[in-house]
Amino acid sequence: MRTARIVAASVLMTAALYGCSQPSEAQAPPAPSVTVAVPLVQAVQDWDEFTGRFEATQSVEVRARVGGYVSAVHFRDGEFVRRGQLLFSLDPRPAQAALASARAQLSQARAQLALAQSELGRSETLLEAQAVSQAEVDTRRGALQTAQAAIAAANANVRARQLDLEFTRVTAPISGRVSDRRVDAGNLVAGGSSAADVLTTVVSSAPIHFVFDGSEAVLLKYQRQARQGAAPIQIRLQDETGFTRSGTLDFTDNAVDTASGVIRFRAVIPNADGFLKPGMFGQARLAGAGTYNAMLVPDAAVATDQARRIVYVVAADGSVSPRPVQLGPLVDGLRVIRSGLERTDRVIINGVQRIQAPGMKVQASNGQVRPVARAAEVAVTRSAPASSATFANSLSSGD
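Residues numbered from 1 in each chain as written. Predicted model: local features only at pLDDT ≥ 70, side-chain atom pairs only at ≥ 80, totals over all residues. Heavy atoms only, no water.

This part is about the confidence of the model for the protein chain. Reading fine detail from the predicted coordinates is not recommended where pLDDT is low. Mean pLDDT over the protein chain works out to 84, with 84% of the residues at or above the 70 mark. By mean pLDDT, the top-scoring element of the protein chain is strand 6 (residues 86-90) (97), and the lowest-scoring one is helix 1 (residues 2-21) (50). Confidence over residues 375-385 falls short of pLDDT 50; this stretch has 15 contacts with residues more than four positions distant or in other chains. Low pLDDT (under 50) marks residues 395-399, which in the prediction has 15 contacts with non-local residues, meaning those over four places away or in another chain. (pLDDT = per-residue confidence, 0-100. Helix = DSSP H or I, 4+ residues; strand = E, 2+ residues; numbered from the N terminus. Contact = heavy atoms within 4.5 Å.)

Here it is as structure tokens:
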């Protein structure tokens, strides 16, 4: 009995080992899961992006128009000043003395004129009595004309000295933000020429210009669009993620720089709060064309196949096929597809990395293309304009 049991156990163990040694039947891996959606069709606005710098519409170096000692400073550094506001006072006493001397010379010239008129009258009376010669009368008439010219010269000298006295009050030539004073009271300054000492500077604050360079291609595009009116422009600063300020393109330079192939553009931007300062950098976007209906897919749905950009489309039977596409700009995280895609195509928007080969089968679940939150953007300097776009219904918000 015991021997029979041992034989039976051996047979069972042999059967078990034989079963384990047989190869299991191969099972195909399940089809990968992906999310598909038809492209979002919406009206968008294309923009060209540029990096530029703010410049004041007016900038003046304040110089004295006469030389002298600075007796007083009448402004605080950095404050806003109005046109005609007193900034510096020079010692007026030398100018006052020169004016008094000029007035005395005018009085002397008037006395000489009165004497010449009297002498001419007497000589004309004597000429009628033939008591003097005609030559004597002509001499007296010449003396009268000389006295009249002296009066005119004296009057001009008085006006010049009055101006010198006025110029001892240095006023703001424009309204704007004044810089710090370059000289203090008690200093002697030169004046009256372009080489005179700079006392301070004043720059206008509202509006302000934004200046940037564009290529010849950009120039041609906007010249052809010029008939539609001034091109709108939107600007953001280095620490901003949205284009918060708007303006219009108001000036294009008269020649393309032959060395760099670019031309200077200028826009005028309102700056009522004075926050924008000349010399600051900014990122601008200029409306490139009118609005148009575009197909959009998530930027993550776009793959690269050597030199081509493709998206994967899922057919009704679950098979995957690549579609070469021509890309446009980004709109809130969505990529504009200019060509290569139909509005009814089911594009893989999630799970692109699971696609191993064209023609493979996938398990597709329906999704929806939605704009994504805009990530913080960093302004960078570019030699050529970048391309971007916005939804047409967001133009009024400036972002």
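And the narrative resumes.
When you line up the elements, A97 lands in helix 2 (residues 93-128). What makes A97 partly exposed here is its relative accessible area of 47%. Remark: the alpha-carbon pair of A97 and L165, spanning 68 residues in sequence, is separated by 9.6 Å. (Buried < 20%, exposed > 50% of the residue type's maximum accessible area, 1.4 Å probe, protein only.)

Tallying each qualifying case throughout the model produces 18 salt bridges. In this structure, R63 and E61 form a salt bridge, with 3.0 Å as the shortest nitrogen-oxygen distance. A relative accessible area of 46% means that E61 is categorised as partly exposed. One salt bridge in this structure joins R141 and D138, with 3.4 Å as the shortest N-O distance. Residue R141 and its partner D138 are located together in helix 3 (residues 134-166), separated by three residues, close to a single helical turn. Residue classification places D138 among the partly exposed residues on the basis of a relative accessible area of 40%. Connected through shared salt-bridge partners, D77, R181 and D184 make up one network. (Salt bridge = Lys/Arg side-chain N within 4 Å of Asp/Glu carboxyl O.)

Of all hydrophobic cores here, the largest spans 20 residues; its most connected members are F54, F210, F212, I233, F265, I269 and L286. Elements with a contribution of two residues or more to this core: strand 2 (40-56), strand 11 (208-215), helix 4 (216-224), strand 12 (232-236), strand 14 (262-269) and strand 15 (281-287). If you tally residues by element for this core, the top one is strand 14, at four residues. In terms of nonpolar packing, the next biggest core, distinct from the first, is built from 18 residues, V81, F88, L90 and V183 among them. (Core = buried A, V, L, I, M, F, W, Y, C linked by side-chain atoms within 4.5 Å.)

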